[in-house]
Amino acid sequence: MNIAMSIPKDKKPVKFAFYLGIHNIASHAKLLSSEPIIIPGLKIKSKGSINLSTNNADIKSGSITYFNGKSRKKIGLKIRNINLSNFFNMNKLKIKGIVEIPEIKCQDLVTNLPDNFNYKLKKFKLSGTLGAEIALSLNLEKPNQSNLTWLKQKWNCHAEKSPKNLDFSQMKKISKEKTPGHLWIDYKNIPPDFINALVASEDAGFWTHKGIEMSSIWGALLKNLSKNQVVMGGSTITMQLAKNLFLSRERTLSRKFQEAILSWQIEKKLTKPQILELYSNLVEFGPEIYGIDHATDHYFGKVTTKINLKQSIWLATTLPAPKKSYQQFCAGNIDSTINSKIENIFDRIKSLGQTNIDLLSKEPIKFIKPNPHSNYCPSEIAQVPASSILKPAGQIKF
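Here goes a summary of the coordinates provided. (Residues numbered from 1 in each chain as written. Predicted model: local features only at pLDDT ≥ 70, side-chain atom pairs only at ≥ 80, totals over all residues. Heavy atoms only, no water.)

**Examining the pairing of strand β8 (residues 129-139)**
So the rule is basically this: Only protein chains enter the calculation, and the probe is 1.4 Å; a residue is then buried if its accessible area is under 20% of its type maximum, exposed if over 50%, and partly exposed in between. Going along the chain from the N terminus, every DSSP run of H or I of four or more residues is numbered as a helix, and every run of E of two or more is numbered as a strand. Think of it this way: DSSP has to see at least two bridges between two strands before they count as a pair.
Taken across its 11 residues, β8 has 9 buried, putting it largely inside the fold. Relative to β8, strand β6 (residues 94-105) is paired through 10 bridges, and the arrangement is antiparallel. Paired with Ile104 across the two strands is Leu130, which belongs to β8. Pairing between β8 and strand β9 (residues 147-155): 8 bridges, direction antiparallel. Looking at the pairing, Glu133 lines up with Lys152 of β9.

Here it is in structure tokens:
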């Protein structure tokens, strides 16, 4: 590590030049990965100035470069004109400047990162290049005032080869293996009301995006910063499907990176209705309740095609927290908060262009009576770990 500084006699900014080289170290950052990350080589360079009297710093230029130990391939970021305000107080830190991802081969991105980031991607063979330039404004004290602007964006990646499991028939087979004993519902038999409610609630841009919604990921990042913990993932329906089929449930950047690459390819291989069919038959609606058919039978005593609009929307509201939502079923009614959420989703459905839907019934949702021998009404619900119900994704191999 080398640091050169020019310290003036007055209160003018202190100029600096910084260089750090790291070789063969292990990082235990839980935000990056649940397992230690082995870093063969990392170089950090920057030069700029620090004004100690104003608690500000300006980085004129800098770079972070990761080196793969075997191939010596480089993956890096460049920064310029970075201004940091309140840099001694992380809770009030403000960052403005330009971040550049220099153009690299797409294949280098999936093969030269640490194994924590690519263990599910090793059977990909990509061609093309990618790169980006971003204007970043980040306010840790008031995350809602942050913004990100893409100045340049190049994504010219093509999958020459991808895992065989990224195929509709194979993904359907895996889904059935993970949720045995339930009737599979084809897309044509899933009520349009449920599809509309699902999209409006979980992924409003589903029909137009290509698997990844950067605005949602950015919004989730800001939400997490405001709460100082991971509370929101910004995943699209396609990304949730990739996670449930192939990945763990850990909340880390390494999992999110693989989730994004898998989702991009799923969108290339499958149609939108096929993605919704897989998702609707796999997703968790409550403890030990997986798939739309099981959910409609368990909650309403109906076959899937017979549920109404309000019941469809209620099922969509359960998805962010299915075990918590189950308590409404145990109580036999829904509270005012969920009623308001149902009305909001209904309004969102209309705003997305679905004008030929029925009016929302004022009648309360009627559940069938819970099984008196159920282990999940009411206090035991939270005690059931998802891992004990759904077969772990780690068992699914490409």
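**Notes on a positive patch on the surface**
The cut-off we apply is this: Any residue with relative accessible area above 30% and no salt bridge may belong to a patch, with like charges joined within 9 Å and the nonpolar Val, Leu, Ile, Met, Phe, Trp and Tyr side chains within 5 Å. We get accessible surface area from the Shrake-Rupley algorithm with a probe of 1.4 Å; when it comes to residues, only the shown protein chains can shield them. Salt bridges are defined as contacts in which a side-chain nitrogen from Lys or Arg sits within 4 Å of a carboxyl oxygen from Asp or Glu. A residue counts as positive if it is Lys or Arg and as negative if it is Asp or Glu; His and the chain ends are not included. Here the site of a charge means atom NZ of a Lys, CZ of an Arg, CG of an Asp or CD of a Glu.
On the surface, a cluster of positive charge is contributed by Lys123, Lys125, Lys161 and Lys164. Mapped onto the secondary structure, Lys164 falls in the loop between β10 (158-161) and α3 (168-178). A residue is classified by how much of its surface remains accessible, and Lys164, at 75% relative accessible area, is exposed.

**Structural notes on helix α9 (residues 292-300)**
Rule in force here: Here, two residues are considered to be in contact whenever any of their heavy atoms come within 4.5 Å of each other.
Of all 9 residues in α9, 7 are buried; the element is thus mostly enclosed. Restricting attention to buried positions, one finds in α9 the residues Ile292, Asp293, His294, Ala295, Thr296, Tyr299 and Phe300. Tucked inside the fold, the buried residues of α9 contact α4 (192-202), α8 (272-282), β11 (284-286), β12 (289-290), α10 (309-318) and α11 (322-331). Where α9 ends, the next residue or the one after it, Gly301, has phi of about 65°, a positive value.

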